[in-house]
Amino acid sequence: MTATVNYDEIEVGATLPSASFPVTRATLVQYAGASGDFNPIHWNEAFATSVGLPDVIGHGMFTMAEAIRVVTDWVGDPGAVVEYGVRFTKPVVVPNDGVGAVIEVSAKVAAKLDDRRVRVDLTATSAGDKVLGMSRAVVQLA
């Protein structure tokens, strides 16, 4: 795969299509199985609340992975992401109500860099709280 977005056609400030990602308790169990992260704060409500959390919370790495999907969908090639980092600011609280939570992600081109690369800044929220801070990706464009 190669990036489908042309560097010469992108301007600083360009916004990427936003996306919403639903998260249920079943999603967390599936992620735990795939990642091997079976920490009970991600599936056991009694344990999560006993350690001071409001409820079961989503895995930080899962939240990070969902957010970067906005960039990979836009660029057309997951391999075009050459750098990605975040700070975890608040957890994604996932109630056991049949609905769960939603991670809302938006992004914009913040800078054009050398070698046909851009820096994309992402904003990820859930229930009105910013769940990722300093969320930035460097993307290799065509």
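Before reading further, recall that the structure is shown in the block above.
Worth saying up front: this structure is predicted, and the values here are computed from it rather than measured.

The rules behind the values
- Each chain carries its own residue numbering, running from 1 in the direction its sequence is written.
- It should be noted that, the model being predicted, local features are given only for residues of pLDDT at least 70 and side-chain atom pairs only at 80 or more, the latter also being counted only at that level, while totals for whole chains, interfaces and linings use all residues.
- As a rule here, side-chain values cover all heavy atoms of the structure and leave hydrogens and water aside.
- Counting from the N terminus, the helices are DSSP H or I runs at least four residues long and the strands are E runs at least two residues long.
- When accessible area is computed with a 1.4 Å probe and restricted to protein chains, residues below 20% of their type maximum are described as buried, those above 50% as exposed, and intermediate ones as partly exposed.
- In what follows, residue pairs with any heavy atoms lying within 4.5 Å of each other are defined as contacts.
- Between any two strands, pairing holds if DSSP finds at least two bridges.
- To get an axis, a line is fitted to the C-alpha atoms, and for a helix only the part in contact is used. The angle between two axes follows their N-to-C directions and goes from 0 to 180 degrees.
- Between 30 and 60 degrees the pair is tilted, below 30 it is stacked and above 60 it is edge-to-face, where a pair is any two Phe, Tyr or Trp rings, Trp via its six-membered ring, whose centres lie within 6.5 Å.
- The rule for a charge over a ring is simple: NZ of Lys or CZ of Arg within 6 Å of the ring centre, and within 35 degrees of the ring normal.
- Working note: the arc is built from the helix axis to C-beta atom directions.

Undergrad: Whenever I open this one, the environment of Ala110 confuses me. Can you help?
TA: Mapped onto the fold, Ala110 is located in strand 3 (residues 101-112). Residue Ala110 is classed as partly exposed on the basis of its relative accessible area of 22%. Between the C-alpha atom of Ala110 and that of Val120, which follows or precedes it by ten residues, the distance is 5.4 Å.

Undergrad: What is the right way to look at the environment of Ala14 in this model?
TA: Following the sequence through the fold, Ala14 ends up in the segment before strand 1 (15-23). For Ala14 and Val109, which are 95 residues apart along the polypeptide, the C-alpha to C-alpha distance reads 5.3 Å. Sequence-distant contacts of Ala14, that is, excluding residues within four places in its chain, are made with Ala107, Lys108 and Val109.

Undergrad: Got a minute to help me understand the sheet that holds strand 2 (residues 81-88) in this structure?
TA: Paired through their backbone hydrogen bonds, the strands of a sheet run either parallel or antiparallel. Taken in spatial order, the five strands make up an open sheet running 1-3-4-5-2, and their pairing is antiparallel. Looking at the sheet topology across the chains shown, the edges are occupied by strand 1 and strand 2. Neighbour-to-neighbour, the strand axes of this sheet turn through a mean angle of 20 degrees, independent of strand direction. Pairing analysis gives six bridges linking strand 2 to strand 5 (residues 129-140), with the strands arranged antiparallel. Within the sheet, the bridge partner assigned to Glu83 lies in strand 5 and is Val138. Strand contacts of helix 3 (residues 60-75): strand 1, strand 2, strand 3, strand 4 (117-126) and strand 5, with the helix running at about 140 degrees to strand 2, the strand carrying the most contacts.

Undergrad: Hey, could you run me through the packing of aromatic side chains in this one?
TA: Each pair of aromatic rings is reported with the distance of its centres and the angle of its planes. Evaluated as defined, the whole model comprises one aromatic pair. Against the face of Tyr7 rests Lys112, its NZ or CZ located 4.3 Å from the ring centre.

Undergrad: Could you clarify how one ought to interpret helix 1 (residues 25-35) in this entry?
TA: Side chains of residues three or four places apart in an α-helix project in the same direction, reflecting 3.6 residues per turn. Where helix 1 is concerned, the buried positions are Arg25, Thr27, Leu28 and Ala32. Burial along helix 1 is one-sided: seen end-on, the buried residues are contained in an arc of 150 degrees. Across from the buried face of helix 1, at angles greater than 90 degrees, the exposed residues are Gln30 and Ala34. Where helix 1 is buried, its residues touch strand 1, helix 2 (45-50) and helix 3. One or two positions beyond helix 1, positive phi appears at Gly36, with a value near 80 degrees.

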